Amino acid sequence: MDQLLTVDDAERRAEEIVGPEAWSYIVGGAGDERTLRWNRDAFSRYRLRPRVLVDVSAVSTRTTVLGTEVSMPVLVAPMAFQSIAHEEGEVAMARGAAAAETLMCLSTVATATPADIAAAAPGSPRWLQIYVFRDREVSDQVIEQALESGFSALVLTADLPVYGIRHREARLGFEAPEDDVPAIVAARARGGAATEHHSLDLLESGLQWDYVTELRERWGVPVIVKGLVTAEDADLACQHGAAGVVVSNHGGRQLDGAIASLEALPEVVDAVGDRAEVYLDGGVRRGADVAMALALGARAVLVGRPAMYGLAFGGDKGVAQVLEILREETENALALLGCRSPAEVTAAHVKPA
């Protein structure tokens, strides 16, 4: 077996294991997959500015997100249907994230319940990503179970009012494991019916900004808005009480042609100021990418596909292995930038190409 040195190595190993239909869902994007490519390419449009002759004999990657300590500014992004990569799905993902001492964000359309995740990794930090069902009671039940199980924040995905056009999935005939998703099963039991695009037809397409305020006031935990790429929406998120925003285009899976996440990051950071924490999701494959995101103003990054690659080839141990690769690379990048911690990375450490 080839030595696993990078996230790209992990991707190649995972592809050998996962079937083509499931692989189309894991790695694919919308339309011609331009935004999917741009998310990675954007990191080549900036240059790091390392400082030298700084004492970096002791470097730590530890940081906090919404006051919760994590081992590195790398979190596990929410991803649906993880059982398509490994039979233990989100349960193994939770154990892997816990072993890496970082935070996992669980999808509403997971193949495990919030209680399952809490039992698999007790004491580890976790957030719940929210898709809002047309039958709000279904979403409320998921949220209630998550908060009872120790989840500390709600992450509202805002960029999926309708399903993106994903030709790669369609061509290879990907079918979501809907019967294995407790929230979907519950929605159907209450009379919901999917039509064209599997389970996501059960979701609410009429959400507006007041729902962010409603979530915060009703449940009493921090709310993070995920899936915005403009200063205008970042400002609205803050106005409605968001504690954080995730700059994201849904991994290039929604509107093809949308701006790359990293390109959008500076305007969002400027708009938010000190009102909320800003995170980046999309295209991160190297520790140097993490450092670049920090320099452009992100508090931390979320990684989805890389964690899924680890899950596919090694379950919880594979997840932990991929996350440790990213942690070690981030530590190396910090040292070479002349920074002893993520907090020491500033705008002076990066410039446009």
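These numbers were taken from a predicted model, which means no experiment stands behind them. (Residues numbered from 1 in each chain as written. Predicted model: local features only at pLDDT ≥ 70, side-chain atom pairs only at ≥ 80, totals over all residues. Heavy atoms only, no water.)

## Observations concerning the packing of helix H2 (residues 20-27) against helix H13 (residues 305-337)
How two helices sit against one another is set out by the angle between their axes and by the gap between those axes. Their axes nearest at 10 Å, the elements H2 and H13 cross at an angle of 155 degrees. Taken together, the axes of H2 and H13 lie roughly antiparallel to each other. Only Arg305, Met308 and Tyr309 of H13 make contact with H2, whose side of the interface consists of Trp23, Ile26 and Val27. (Axes fitted to C-alpha atoms, helices over the stretch in contact; angles between N-to-C directions. Helix = DSSP H or I, 4+ residues; strand = E, 2+ residues; numbered from the N terminus. Parallel < 35°, antiparallel > 145°, perpendicular 65-115°, else oblique. Contact = heavy atoms within 4.5 Å.)

## Topic: the nonpolar core
With 109 residues, the main nonpolar core has Phe81, Leu262, Leu265 and Leu280 as its most contacted residues. Among the elements that make up this core, the one with the highest residue count is H13 (14 residues). Residues Leu75, Ala77, Trp127 and Ala153 belong to the second largest nonpolar core, which totals 14 residues. (Core = buried A, V, L, I, M, F, W, Y, C linked by side-chain atoms within 4.5 Å. Buried < 20%, exposed > 50% of the residue type's maximum accessible area, 1.4 Å probe, protein only.)

## Section: the packing of helix H4 (residues 89-99) against H13
It is the contact of H4 with H13, at a shortest axis distance of 7 Å, that shows an interaxial angle of 20 degrees. As far as their axial angle goes, H13 and H4 are roughly parallel. For the element pair H4 and H13, the recorded crossing hand is left-handed. The segment H4 lies against H13, with Gly89, Ala92, Met93, Arg95, Gly96, Ala97 and Ala99 engaging Ala307, Met308, Leu311, Gly315, Asp316, Val319, Ala320 and Leu323. Taken together, the residues that form the contact of H4 with H13 break down as ten nonpolar, three polar and two charged. (Left-handed = near helix turned anticlockwise from the far one by under 90°. Nonpolar A, V, L, I, M, F, W, Y, C, P; charged D, E, K, R; others polar.)

## So, the environment of Gln141
Position of Gln141 relative to the elements: it lies in helix H6 (residues 136-148). Counting along the chain gives 45 residues from Gln141 to Ala186, while the straight-line C-alpha distance between them is 9.5 Å.

## Digging into the side chain of Ser149
Here Ser149 shows up in the loop between H6 and strand E7 (154-157). Beyond its immediate sequence surroundings of up to four residues, Ser149 is in contact with Pro114, Ala115, Ala118 and Arg126.

## Here's the deal with H6
The end-to-end C-alpha distance of H6 is 18 Å, a good match for the 18 Å that 13 residues give at a rise of 1.5 Å each. Among the residues making up H6, those that are buried are Val138, Ser139, Asp140, Val142, Ile143 and Ala146. Against the buried residues of H6 lie helix H5 (114-120), strand E6 (126-130), E7, helix H8 (182-189) and helix H9 (210-219). Just past H6, the residue Gly150 takes up positive phi, approximately 90 degrees. (Expected span 1.5 Å × (residues − 1).)

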